[in-house]
Every structure is written in structure tokens, then in C-alpha cells.
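Okay, here's what each chain looks like letter by letter:
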Amino acid sequence: MKKIIFSIIALMIAAQAFGQDLLRYNYKRNNFVYTGAERVEVASSPALQLKLGRVIYPDGKPIYTLRIDFESESAWKMPKKAGITFNLSNGRSVVLNNSKDDANLVAPKGISKGGRTLWLNCGEYYLEQSDLDKLLGGVSDLDATVRMSADGHLKISFKNNGFSAALSRAYNAIDGAKAAAVTVGRHLETIDDYSGNRVAKTVAIEVGESVSVSLSYLYSADGNSESYDLNLKVNSGIIPGGSVVSFTTPSGTVIRLRQEKDLPKGEIVCFPDVDQLKALAHGASKISFETETGERSVSVSTEEFASSVETLYNALQRVSIL
């Protein structure tokens, strides 16, 4: 898979995605509700990336997961239970312990930045609401244990309240999310890992008469990037490679993608970017495409299409790398 943007969609589509562009996933599973934000970069030296998630238990109580990736000149694994101290702007502190013990799959070959190769080494921490509120109130610096030795500490100071500002962006996306509308079950068909890459495919869901949709996900270790395939099966002849495939959304906006491969009759594969895919999770009422005998369109239930794409997208987030 290779991400190809066939047309530029208005920026407002990104803002419409699930209501917010920073909201990455929001679903129910086994009576738990999972909501998470996209990664947010923190202005610091060394640079950080943070990823915030929330799990609401069946009793209604939330717990948060905070993953912090530290840009480093070598790859290392933070010990389990290694502590991190956040010194707050009010002179107090919050101490958490790393809960992550499995291999880090993010950028296993490093990333290229400023002519150097850097690695994103991580710690992952559980927070209660009270701890999160303290971090949102202002963090002046942190002290993370990266090795169990006297000199195994990484100390980072933040200017202009940079850490809390980044954390607030992620938290606002989660806190402002609507109640999860989809339930993720056995929607994943395959997951394959090789050479640091991951490919995951979902099952197909029918969204109209003789119309079905499925999604595929690729994490590329070389580029530390993600991309998606939108796969359709319709009752038609061959849809030639390179031809336009148009989706009419409930707002009347038309998202134009393209047939990316030469496939058997009735099969379509498009490469939407993530904002286009999130926009399609709000639904489509009509899908138009070119066949060898002329233009055709199929009508689909806006609600069924929206629910199906949103469910399959969220299913992929359970195994996504970034």
C-alpha cells in the first residue's frame, strides 16, 4: 500500500472527523469504553511525543494511559516500574511508574531528523483523573528513570508550559468526544508483522444491496508512518485503475478518491488519508465510479456506511502502532 492523495479536500473535513481532528479512536468493547487522541508533539529538548488514552470501566470510573516517546540517539528499553517525576508549576510533584514491558514497535529502525537517526524510546503510565488534572495545571520539568543506575536519568525542562499545553490538546479531544456509538468485536481478519512493518485487515461489512466495505492498515517501519486502504465490492463491471471514485457525504461534500489498482469486476481499492477516512465515518449516501461501459453509482444507507466505516476504523486502532 502506498498513500496517494488524489484530491485535496477542504480542511473543514478534518475538523468534522468524529467532531475533532485529534480524536483517534472512540469505541465500546466488553462493557468498557476506549477513547484516545492522536499523538501530540511537545516542544522540548530532547523532543517528546505524547499519546493519551482513556478507559472507562463498567462502573463508570475512568483511568488514563499516558505514553511518552523520548527522542534519543540510541535505542533503549525503559525498565518496567521505572519512575518518572513531574515537577509541577506550583512546587509539588507527581510520581508515576512505567507499566510497559513489551517490545517497542514504534520506529524500530529509527527516524531521520536533521541529518541524524533518532529512536523513539517510550514509557507508558497509568493516571487517575486527579493525577491528570495536576499535570494539566502546569509541569515545569520531568525526571525520567531510563536505566536502573545512578546516572540513568533523563531530565527535561519545559518552556511556556509546553508539556501541559500539549497534554491539554490531547485531553480536550478525549473529553469533548461524544458517547461511543460503535462496539468493536471480532472485526479483524488478519494481522501480519514482518521487518518492523504491520499489516492488518478487517472483515467486510455489507452497507447496501450488493455493496460491502472493508479496511486495511499498514504501518511502515522505514517511514514510521501509517496508511489505510478502503476496499469496496459493488455489483458492476470492471472499474479501471486510475478512474475516479466519488463519495457524497451527508453534508453534500464530495470526497474524490481513485481506483488504485486494476482489479476484477466490481472491486475497488482507494487510499484515503486519515482525515478523509474519518470524514467517511460520518457516512456516504452515494458512491459513484467509472466502469468500462460508463459512469455508475450505487446508493447506500448513510447510517450503515457511517457505522461500518467507523467500526472497522476503530477495530484497526486496537492493533495500530502509532
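Computed from a predicted structure; not experimentally measured. (Residues numbered from 1 in each chain as written. Predicted model: local features only at pLDDT ≥ 70, side-chain atom pairs only at ≥ 80, totals over all residues. Heavy atoms only, no water.)

### A few points about the overall build of the chain
Using the following cut-off: Strands are runs of DSSP state E lasting at least 2 residues, helices are runs of H or I lasting at least 4, and numbering of each runs from the N terminus. Classification of residues uses two cut-offs on accessible area relative to the type maximum, computed with a 1.4 Å probe and protein chains only: under 20% is buried, over 50% is exposed, and between them is partly exposed. Should any heavy atoms of two residues lie within 4.5 Å, those residues are considered in contact. In this description, accessible areas are obtained by the Shrake-Rupley approach with a 1.4 Å probe, and a residue is regarded as covered only by the protein chains that are shown. Counting rule for charge: Lys and Arg are taken as positive, Asp and Glu as negative, and neither His nor the chain ends is counted. The atoms used to mark charge sites are NZ of Lys, CZ of Arg, CG of Asp and CD of Glu.
What the chain contains, in helices and strands, is five helices and 21 strands. For the chain, buried positions account for 51% of its 322 residues. A sequence separation of at least 24 residues applies to 61% of the contacts in the chain between residues at least 6 apart. Accessible area for the chain stands at about 15,200 Å²; split by element, carbon and sulfur atoms hold 47% of it. Counting 36 positive and 36 negative side-chain charges, the chain places the centres of these two groups 3 Å from one another.

### Some words on the layout of surface pockets
The criterion, for reference: Lining residues are defined by having an atom within 4 Å of a point belonging to a cavity or pocket. Those points lie on a 1 Å grid over the protein atoms alone, cavities being sets where a 1.4 Å probe fits but cannot get out and pockets being open sets with protein on both sides within 12 Å along at least five of seven lines. Grid points are joined across faces, edges and corners, and a volume is the space filled by probe spheres set on the points. Here the nonpolar group is Ala, Val, Leu, Ile, Met, Phe, Trp, Tyr, Cys and Pro; Asp, Glu, Lys and Arg are the charged ones; every other residue, Gly included, is treated as polar.
Considering only enclosed or pocket space, the largest pocket measures out at about 860 Å³ in volume. Sorting the residues of the lining of the largest pocket by element identifies β1 (23–29), β4 (48–56), β5 (62–72) and β9 (116–127) as the ones contributing at least two each. Residues of the lining of the largest pocket, tallied by class, amount to 13 nonpolar, five polar and nine charged.

### A short note on helix α2 (residues 129–136)
Selection rule: When we speak of the arc, we mean the arc of directions from the helix axis to the C-beta atoms.
Every buried residue belonging to α2 is among Asp131, Leu132, Leu135 and Leu136, and all of these are buried. Down the axis of α2, the smallest arc covering the buried residues is 140°, so these residues share one side.

### Description of the sheet that holds strand β18 (residues 254–258)
In sheet architecture, strand pairing relies on hydrogen bonds along the backbone and comes in two forms, parallel and antiparallel. Convention followed: Two strands make a pair as long as DSSP finds a minimum of two bridges between them. In this analysis an axis means a line fitted to C-alpha atoms, helices contributing only their contacting stretch, and an angle means the value between N-to-C directions, from 0 to 180 degrees.
Spatially, four strands are ordered β18-β17-β20-β21 in an open sheet, and the strand pairing comes out antiparallel. The open sheet has two edge strands, β18 and β21 (294–299), and neither has a second partner. When the angles between neighbouring strand axes are averaged without regard to direction, this sheet yields 20°.

### Brief notes about the side chain of Asn314
Operational definition: Here a polar contact is taken to be a pair of N or O atoms separated by no more than 3.5 Å, where protein atoms must pair a possible hydrogen donor with a possible acceptor and residues adjacent in sequence count only if both atoms sit in side chains.
Among the secondary structure elements, Asn314 is positioned in helix α5 (residues 302–317). By relative accessible area, Asn314 is classed as buried at 0%. Side-chain polar atoms of Asn314 contact the backbone nitrogen of Asn26, separated by 2.8 Å. A distance of 2.8 Å separates a polar side-chain atom of Asn314 from the backbone oxygen of Glu310.

### Focus: the sheet that holds strand β7 (residues 93–97)
One open sheet holds the four strands; their spatial order is β7-β6-β10-β11, and the pairing between them is antiparallel. The sheet is open, and its two borders are formed by β7 and β11 (153–157), each paired with just one other strand. Ignoring strand direction, the axes of neighbouring strands in this sheet form an average angle of 15°. Packing against the sheet, α2 makes contact with β6 (83–88), β7 and β10 (139–145), and its axis sits at approximately 125° to β7.

### Structural notes on the packing of aromatic side chains
What counts here: Between rings of Phe, Tyr and Trp, where Trp is taken as its six-membered ring, a pair exists when centres lie within 6.5 Å; planes separated by under 30 degrees are stacked, by over 60 edge-to-face, and by other angles tilted.
Following the criterion strictly, the structure yields eleven aromatic pairs and no others. Measuring from centroid to centroid gives 5.3 Å for Tyr27 and Tyr34, while their planes differ by 20°, and the two rings are stacked. You can call Tyr34 partly exposed: its relative accessible area is 24%. Between Phe247 and Phe305 the ring centres are 6.3 Å apart and the planes differ by 45°, which places this aromatic pair in the tilted class. With a gap of 58 residues between them, Phe247 in strand β17 (residues 244–248) and Phe305 in helix α5 connect regions that are remote in the sequence. Phe305 shares its class with Phe247; the two are buried. Among the aromatic side chains, those forming a connected cluster through ring pairs are Tyr25, Tyr27, Phe32, Tyr34 and Tyr57.

### Regarding the pattern of salt bridges
Where charged atoms from two side chains of opposite charge approach closely, those side chains can pair. We apply this condition: One speaks of a salt bridge when a side-chain nitrogen belonging to Lys or Arg is within 4 Å of a carboxyl oxygen belonging to Asp or Glu.
In this structure the tally under the stated criterion is twelve salt bridges. For the salt bridge of Arg67 with Asp69, the shortest nitrogen-to-oxygen distance reads 2.9 Å. When sorted by exposure, Arg67 lands in the same class as Asp69, which is buried. One salt-bridge network, held together by shared partners, links Arg24, Glu38, Glu226 and Lys278.

### Quick word on unusual backbone geometry
With an omega of 0°, the peptide bond running from Ser45 to Pro46 counts as cis. Note that Pro46 resides in the loop between β3 (40–42) and β4. Despite not being glycine, Asn160 has its phi angle at roughly 55°, a positive value. With respect to the helices and strands, Asn160 occurs in the loop between β11 and α3 (162–175).

### Topic: the nonpolar core
Operational definition: Here, the term nonpolar core denotes a set of buried Ala, Val, Leu, Ile, Met, Phe, Trp, Tyr and Cys residues that are joined through side-chain atoms within 4.5 Å.
Core analysis: the largest hydrophobic core is formed by 42 residues, its most contacted members being Phe247, Ile268, Ile287, Phe289 and Phe305. With residues up to four places along the chain from it excluded, the contact list for Phe247 reads Leu230, Leu232, Thr253, Val254, Ile255, Leu257, Leu280, Ala284, Lys286, Ile287 and Phe305. Formed by 36 residues, the second largest nonpolar core is a distinct cluster that contains Leu48, Phe70, Leu132 and Leu136.

### Some thoughts on the confidence of the model for the chain
Stated precisely, the cut-off is as follows: Confidence of the predictor at the level of single residues is captured by pLDDT, which takes values from 0 to 100.
On average, residues of the chain carry a pLDDT of 91, and 93% of them reach 70 or more. The low-confidence segment residues 1–20 (pLDDT under 50) makes 52 contacts with residues lying over four places distant or belonging to another chain.

### A short note on the environment of Ala166
Along the polypeptide, Ala166 turns up in helix α3. Counting along the chain gives 60 residues from Ala166 to Glu226, while the straight-line C-alpha distance between them is 22 Å. Setting aside residues no more than four positions away along its own chain, Ala166 makes contact with Val40, Glu41, Val42 and Leu50.

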